[in-house]
Amino acid sequence: MESERIVAGLHCGEVLADLSEHLDGRLSFDRAERIDEHLAGCAECGRLFGEVTAAVRALRQLPDELLPPEVEERLAEALPG
Amino acid sequence: MTADDAKVSDETLIGRTAAGDPSAFDRLVRRHQAAVYRFARAAAPDGPPGDTGDAVEILRETFLAARRAASRHRDETSARPWLLALARQAIDRRHPRFREADLTPLRELARAAGWQSGGGGAVDESGLSVETAFAALPPEDREILTLCDREYFTVDEAARVTGLSDAAVRTRLHRARLRLLARLKERPHGE
Ligand SMILES: [Zn+2]
């Protein structure tokens, strides 16, 4: 089992907390650069970031569930014209 | 949405709805009903399989509230966040809930997703499909993922729909993504 450490001046716990913000590009340039450095040098955090990114991509690529025709009909009946 | 329909902005449809034009309201409904349905399915607790009565009721309440409030929302450039905020209110009325703080330590969620715990299995064909993994999440997680990763709402827009602070939206989104990943790594039963 790995243990948490400091890479690129950042503790794994700090990096963990910022992963989604990093994925969404909401961190400052300096912060993002340091996180990238940590991810490149820390196998555990690097892998987690890659897998969260892949999971989010897969979720985003799911086709939209269509409105069942029966729901559309019942809604049209329920809304006064 | 047809090409013709796309030429009319949400803003125009809301304005005409406010002025009492029933065809504008009808177009607003048709343009957004599937998204409101998907949001209701994600954010409301699961009902009996195949039962769509709850979703129909949430849709109906959402669009009736939208028609009543249209005159106060003429400047909405996109109707979607406004409509989903109304849907959120309709869900709250039907399924009252108090907001529990999510006290699970972040490290625990991350370990369940394989961080610092030997990987916990890869995400591959032997794991759950993303659709199944998403459906198995609690409604709060499905809600925030729907808003941020399906509708591509900004943090502000997601905060408006959920009534959460911007900081709480970001925290919830991160936690929901970690739980989704942990689900994706679960082996189907019996393997
Ligand atoms: Zn690390």
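Residue positions are given per chain, counting from 1 as you read along its sequence in written order. Chain A is the first chain written and ligand 1 is the first ligand written, with later ones labelled in order. Confidence filtering applies because this is a predicted model: local features only for residues at pLDDT of at least 70, side-chain atom pairs given and counted only at 80 or more, and all residues used for totals across whole chains, interfaces and linings. No hydrogens and no water enter the side-chain calculation; it runs on all heavy atoms of the structure.

## Considering the overall build of chain B
Helix and strand definitions follow DSSP, with helices as H or I runs of at least four residues and strands as E runs of at least two, each counted in order from the N terminus. Along the backbone of chain B there are 10 helices and 0 strands. Sequence-ordered secondary structure for chain B, helices as α and strands as β, is α-α-α-α-α-α-α-α-α-α. Per-residue accessibility, obtained with a 1.4 Å probe over protein chains only, is compared with the maximum for each type, and a residue is labelled buried under 20%, exposed over 50%, and partly exposed between these values. When each of the 191 residues of chain B is scored for burial, the buried share is 50%. Taking the intrachain contacts of chain B between residues at least 6 apart in sequence as the baseline, contacts between residues at least 24 apart amount to 73%. Contacts were defined at the residue level, with two residues in contact if any of their heavy atoms lie within 4.5 Å.

## A few points about the coordination of the zinc ion
Residues and elements named next belong to chain A. The protein atoms that coordinate the zinc ion are Cys12 (SG), His38 (NE2), Cys42 (SG) and Cys45 (SG), at distances of 2.1 to 2.4 Å. Here a donor is any nitrogen, oxygen or sulfur atom (N, O, S) within 2.8 Å of the metal, with 3.2 Å used for Na, K and Ca; water is not among the atoms considered, so some sites may look incomplete. Under the classification used here, a metal with four donors is tetrahedral if each angle lies between 85 and 135 degrees, square planar if opposite donors are over 155 degrees apart and the others between 65 and 115, a six-donor metal meeting that same test is octahedral, and anything else is irregular. Classification of the site at the zinc ion rests on its 4 donor atoms, whose angles at the metal span 106 to 112°, yielding the label tetrahedral. Sequence spacing of the donors to the zinc ion: C-x25-H-x3-C-x2-C. Each member of the pair, His38 as well as Cys45, is classed as buried.

## Here's the deal with a negative patch on the surface
Residue and element names in this part refer to chain A. What makes a patch is a set of residues exposed beyond 30% relative accessible area and free of salt bridges, joined within 9 Å when like-charged and within 5 Å when nonpolar (Val, Leu, Ile, Met, Phe, Trp, Tyr). Using a 1.4 Å probe, the Shrake-Rupley method yields the accessible areas, and only the shown protein chains count as cover for residues. For salt bridges, the criterion is a side-chain nitrogen of Lys or Arg within 4 Å of an Asp or Glu carboxyl oxygen. In this tally, Lys and Arg are treated as positive and Asp and Glu as negative; His is ignored, and so are the chain termini. In this description, the location of a charge corresponds to atom NZ of lysine, CZ of arginine, CG of aspartate or CD of glutamate. Negative charge collects at one region of the surface, where Asp30, Glu33, Asp36 and Glu37 lie side by side. Note on placement: Asp36 falls in helix H2 (residues 29-41). On the accessibility criterion, Asp36 (41% relative accessible area) is partly exposed.

## Observations concerning the packing of helix H4 (residues 69-78) of chain A against helix H4 (residues 53-69) of chain B
To define axes, lines are fitted to C-alpha atoms, for helices over the stretch in contact only, and angles between the resulting N-to-C directions are given on a 0 to 180 degree scale. Between H4 of chain A and H4 of chain B, whose axes approach to 10 Å, the crossing angle comes to 45°. Taken together, H4 of chain A and H4 of chain B sit at an angle that is classed as oblique. Where H4 of chain A crosses over H4 of chain B, the two elements pack in a sense that is right-handed. In this structure, H4 of chain A uses Val71, Arg74, Leu75 and Ala78 of chain A to contact H4 of chain B, whose residues at the interface are Gly53, Val56, Leu59, Arg60 and Phe63 of chain B. Residues are grouped as follows: Ala, Val, Leu, Ile, Met, Phe, Trp, Tyr, Cys and Pro are nonpolar; Asp, Glu, Lys and Arg are charged; every other residue, Gly included, is polar. Considered class by class, the residues forming the contact of H4 of chain A with H4 of chain B number 6 nonpolar, 1 polar and 2 charged. Geometric relationships in this document are graded by angle, where less than 35 degrees denotes roughly parallel, more than 145 denotes roughly antiparallel, 65 to 115 denotes roughly perpendicular, and other angles denote oblique. Here a crossing is taken to be left-handed if its near helix is turned anticlockwise relative to the far helix by less than a right angle, and right-handed if that turn runs clockwise.

## Focus: the packing of helix H8 (residues 139-150) of chain B against helix H10 (residues 166-184) of chain B
Residues and elements named next belong to chain B. Orientation of H8 relative to H10, taken along the N-to-C sense of each, is 105°, at an axis distance of 9 Å. When the interaxial angle is binned, H8 and H10 end up roughly perpendicular. Of the residues in H10, those touching H8 at Glu140, Asp141, Ile144, Leu145, Cys148 and Asp149 are Val169, Arg172, Leu173, Ala176, Arg177, Arg179 and Leu180. For the contact of H8 with H10, the per-class residue count stands at 7 nonpolar, no polar and 6 charged.

## Focus on the domain arrangement of chain B
Put simply, an interface is often sized by how much accessible area is lost when its parts join up. Residue and element names in this part refer to chain B. The source of the domain bounds is an automatic or database domain assignment. In terms of domains, chain B is made up of domain 1 (3-94) and domain 2 (106-185). For domain 1 versus domain 2, the distance between C-alpha centres works out to 25 Å. Listed as interface residues are 16 residues of domain 1 and, on the opposing side, 13 residues of domain 2. When domain 1 packs against domain 2, close to 1,100 Å² is buried across both sides, 56% of that on carbon and sulfur atoms. Buried area, as used here, totals the accessible surface that two parts lose on assembly, with accessibility defined by a 1.4 Å probe and the loss added over both. For domain 1, the biggest contributors to the area lost against domain 2 are Phe39, Ala42 and Pro81; these three give 41% of the whole. One can count 4 salt bridges joining domain 1 with domain 2.

## Digging into the nonpolar core
Joining through side-chain atoms within 4.5 Å is the link that ties buried Ala, Val, Leu, Ile, Met, Phe, Trp, Tyr and Cys residues into a set, and such a set is a nonpolar core. Membership of the largest hydrophobic core comes to 81 residues, with the highest contact counts inside it found for Leu48 of chain A together with Phe63, Leu145 and Leu180 of chain B. If you tally residues by element for this core, the top one is helix H3 (residues 22-43) of chain B, at 10 residues. Each of domain 1 (3-94) and domain 2 (106-185) of chain B accounts for three or more of the residues forming this core. Dropping the residues within four chain positions of it, Phe63 of chain B is found in contact with Leu75 and Leu79 of chain A together with Phe25, Leu28, Val29, His32, Gln33, Val36 and Leu83 of chain B.

## Considering the pattern of salt bridges
Counted under the stated rule, the structure contains 31 salt bridges over all chains. Salt-bridge contacts for Arg26 of chain A lead to Glu21 of chain A; the nearest nitrogen and oxygen are separated by 3.1 Å. We note a salt bridge from Arg175 of chain B to Asp102 of chain B, for which the minimum N-O separation is 3.3 Å. With Arg175 of chain B in helix H10 and Asp102 of chain B in the loop between helix H5 (79-94) and helix H6 (106-112), the pair connects residues that are 73 residues apart, well separated along the chain. Three or more residues are tied together by salt bridges with common partners; here these are Glu21, Asp24, Arg26 and Arg60 of chain A together with Asp149, Arg170 and Arg177 of chain B.

## A look at the interface of chain A and chain B
Taken together, the contacts link 43 residues of chain A with 45 residues of chain B. Of the roughly 3,800 Å² buried between chain A and chain B on both sides combined, carbon and sulfur atoms contribute 62%. Summed over the shared surface of chain A and chain B, the number is 9 salt bridges. Residue Arg60 of chain A pairs with Asp149 of chain B through a salt bridge whose shortest N-O separation is 2.7 Å.

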